[in-house]
Amino acid sequence: MTETPTTEAPMTTEAVKTTTEAPKTGTPTTGTPTTGTQKTEAPRAGTATPVPPHQTKPMVDPAELESLDLADPVLHAERDLTEVWRHLRTERPMYWQEPRGSQPGFWVVSRHEDAMAVYRDKEHFTTERGNALGTLLTGGDSAAGTMLAVTDGVRHAQIRNILMKAFSPRMLHDIREGLRETVDGLLVDAIEKGECDFAEDVSGSVPLGAICDLLGVPRSDRKYLLGLTSRAWSSDYADAPPEDSWTAKSEILLYFADLAATRKHSDHDDVVSLLANSQIEGERLSDAELMANCYGLMIGGDETGRHAITGGLLALKQYPDQWKALRSGEAKLDTAVEEVLRWTVPSIHGGRAATGDVVVNGQLIKADEVVSVWISSGNFDGDVFADPYRFDLNRTPNKHLTFAHGAHFCLGHYLARMEIEAVLDGLRRMVTDIEQTGPESWIYSTILHGMHSLPVSLKPDASGMPKR
């Protein structure tokens, strides 16, 4: 089983150092954890408890914490954990979720500073047993040691050096040139429909087109792959059978195995050809490495951008002052892109396994224990982000965790930023108003956060519409 690649970004504050020193006298071990350094994250004077006004899901009371299973996709799709995360950051930053039946227990890291400490520490944390709860709690990841996202050490560096060539300025130049044309065409079609499903009609096609261009996927195959990627790590329904996900993942792997076979010894300049013809110490990548890394690029390149774009449009609708600032030019595109990435949290957590006993924020984590880092909490940490529950397109600095940090920093971060920028630019040029015409529908996943449906009507700005 493979994982969608994790993503990581630079930090704003110095992270808590991890250490192998023994905990202070009286520090409990697993099962009776300490809470770590506690910090007060109080609302500003005269304001109510900070709750994102964009949230429409039922709010979870922190008093329910011990009964919650944070590895349950239904919880994340149907309920709002804002107050739970705020409680954990201030009261129990290193929280141990007890085992649930056959499901092992795991650590929940909610503070930005502690998340950075885990991400930076290659000596005591590994991805090779999985980089998300879905695999960490079920025996590990079969792609470990072959796919970049779940490979550490020397082999990770070797594979990453090859893939870095795929995201060089030269390779991305043509993608950038084509993005504006693609986005403008999708927006025109969406506008002319009168009412569209933005998640399907726009967001689903922008990242898919870009990553498929990089991979050299024929246009005739792209809709097929979109259907597979949307099922591989999430579902539109709470009761979707797990076989749907397994089947989708297997079909993606088999597709790229076939495609890579046709690119060996070819002179194509796409990423599949690059992988198929690269060598490490005189040896070509194995078939497993070819399949796994094409899969990882496909999933990672599609999901982050797609969910950030859809969530960004919803936020612009719900925060009209920011929509006005974007349209007028008061909000700059580069800072707007970063705030969309922070706010929408397309990947809600990352995971690691401890390779040895280590202390984070005063809490002992034992060897082999699972650690989950919650981006959906860290991106709203009031110790790092001023007024974190305000959607602010001019926010700076904006050291969000959406692309994570360290050795597993998202390889495709620049591509994702290009995609979101192209959509924001198209919206501000071509659309005067956004009307939501129906309720949004959220996906079911413990790693991804986004919508599979967002019905809207986009009102055109005739002066900004391209001639057709």
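On a predicted model such as this, the values are computed, not experimentally measured, just so you know.

Caption draft 1: Spatial organisation of the overall build of the chain. Each helix and strand in the chain was counted, giving 16 helices and 14 strands. Across the 468 residues in the chain, those meeting the buried criterion constitute 58%. A separation of at least 24 residues holds for 75% of the contacts in the chain among residues at least 6 apart in sequence.

Caption draft 2: Quick look at the layout of surface pockets. The calculated volume of the second largest pocket comes to roughly 420 Å³. As for the second largest pocket, its lining consists of 18 residues, and the residues nearest its centre are Thr182, Ser205, Gly209, Arg219 and Arg222. Of all the secondary-structure elements, those providing two or more residues to the lining of the second largest pocket are helix 6 (169-192), helix 8 (206-215) and helix 9 (222-232). Of the residues contributing to the lining of the second largest pocket, the split by class is seven nonpolar, five polar and six charged.

Caption draft 3: Up close: the packing of helix 9 against helix 12 (residues 287-318). At a minimum axis separation of 10 Å, helix 9 and helix 12 run at an interaxial angle of 80°. Classified by the angle between their axes, helix 9 and helix 12 sit roughly perpendicular to one another. Here helix 9 contributes Leu225, Leu226, Thr229, Ser230 and Ala232 to the contact with helix 12, which in turn contributes Tyr295, Met298, Ile299, Asp302, Glu303 and Arg306. Along the lines of polarity and charge, the residues of the contact of helix 9 with helix 12 split into six nonpolar, two polar and three charged.

Caption draft 4: The arrangement of the sheet that holds strand 10 (residues 370-374) in detail. Taken in spatial order, the five strands line up as 1-2-10-7-3 in an open sheet, and their pairing is mixed. In the strand order of this sheet, the two ends are held by strand 1 (94-97) and strand 3 (125-126), each with one partner. Sheet topology note: the strand 3/strand 7 (residues 349-354) ladder contains two bridges and is antiparallel. Bridging across to strand 7, phenylalanine 125 finds its partner in alanine 354. Contacting strand 1, strand 2 (106-109), strand 3, strand 7 and strand 10, helix 3 (residues 112-120) crosses the sheet at an angle of about 130° to strand 10.

Caption draft 5: Fine view of the environment of leucine 285. Residue position: leucine 285 is located in the loop between strand 6 (283-284) and helix 12. On a C-alpha basis, the gap between leucine 285 and leucine 275 in space is 7.2 Å, while along the polypeptide they are ten residues apart. Residue contacts for leucine 285: discarding those within four places in its chain leaves Arg155, Ile162, Leu275, Ser278, Ile280 and Leu290.

Caption draft 6: Just unusual backbone geometry, in detail. Across the junction of threonine 396 and proline 397, the peptide omega takes the value 0°, indicating a cis bond. By the element assignment, proline 397 lies in the loop between helix 15 (375-378) and helix 16 (413-430). Located in the positive-phi region is asparagine 361, a residue other than glycine, with phi close to 50°. Its place among the elements puts asparagine 361 in the loop between strand 8 (358-360) and strand 9 (363-365). Of note, aspartate 368 is a non-glycine position whose phi angle comes to about 80°, a positive value. Position of aspartate 368 relative to the elements: it lies in the loop between strand 9 and strand 10. Accessibility expressed as a relative area gives 52% for aspartate 368, which makes it exposed.

Caption draft 7: Just a negative patch on the surface, in detail. A cluster of acidic residues, Asp174, Glu177, Asp267 and Asp269, forms a negative patch on the protein surface. Summarising the element assignment, aspartate 174 is placed in helix 6.

Caption draft 8: Highlighting the sheet that holds strand 14 (residues 455-460). With respect to topology, three strands assemble into an open sheet ordered 4-14-11, the strand pairing being antiparallel. Edge strands, defined here as strands with exactly one partner in the open sheet, are strand 4 (196-197) and strand 11 (431-436). Bridge count for strand 11 against strand 14 is five bridges, and the pairing is antiparallel. Residue pairing in the sheet places glutamine 436 in a bridge with valine 456 of strand 14. Sheet strands touched by helix 12: strand 11 and strand 14. Its angle to strand 11, the strand with the most contacts, is close to 95°.

Caption draft 9: Broad picture of the side chain of histidine 124. Of note, histidine 124 is situated in the loop between helix 3 and strand 3. Assessed through its relative accessible area of 9%, histidine 124 is described here as buried.

Caption draft 10: View of helix 2 (residues 82-91). In terms of burial, helix 2 is a largely internal element, eight of the ten residues being buried. Listing the buried residues of helix 2 in full gives Thr82, Glu83, Val84, Trp85, Arg86, Leu88, Arg89 and Thr90. If you follow the buried residues of helix 2, they end up packed against strand 1, strand 2, strand 10 and helix 15.

Criteria and thresholds
Residues numbered from 1 in each chain as written. Predicted model: local features only at pLDDT ≥ 70, side-chain atom pairs only at ≥ 80, totals over all residues. Heavy atoms only, no water. Helix = DSSP H or I, 4+ residues; strand = E, 2+ residues; numbered from the N terminus. Buried < 20%, exposed > 50% of the residue type's maximum accessible area, 1.4 Å probe, protein only. Contact = heavy atoms within 4.5 Å. 1 Å grid on protein atoms, 1.4 Å probe; cavity = no way out; pocket = protein on both sides within 12 Å on 5 of 7 lines; lining within 4 Å. Points joined across faces, edges and corners; volume = space filled by probe spheres on them. Nonpolar A, V, L, I, M, F, W, Y, C, P; charged D, E, K, R; others polar. Axes fitted to C-alpha atoms, helices over the stretch in contact; angles between N-to-C directions. Parallel < 35°, antiparallel > 145°, perpendicular 65-115°, else oblique. Pairing = 2+ DSSP bridges. Patch = residues over 30% accessible without salt bridge, like charges linked within 9 Å, V, L, I, M, F, W, Y side chains within 5 Å. Areas by Shrake-Rupley, 256 points an atom, 1.4 Å probe, with all protein chains shown as cover. Salt bridge = Lys/Arg side-chain N within 4 Å of Asp/Glu carboxyl O. Lys, Arg positive; Asp, Glu negative; His and termini not counted. Charge placed at Lys NZ, Arg CZ, Asp CG, Glu CD.

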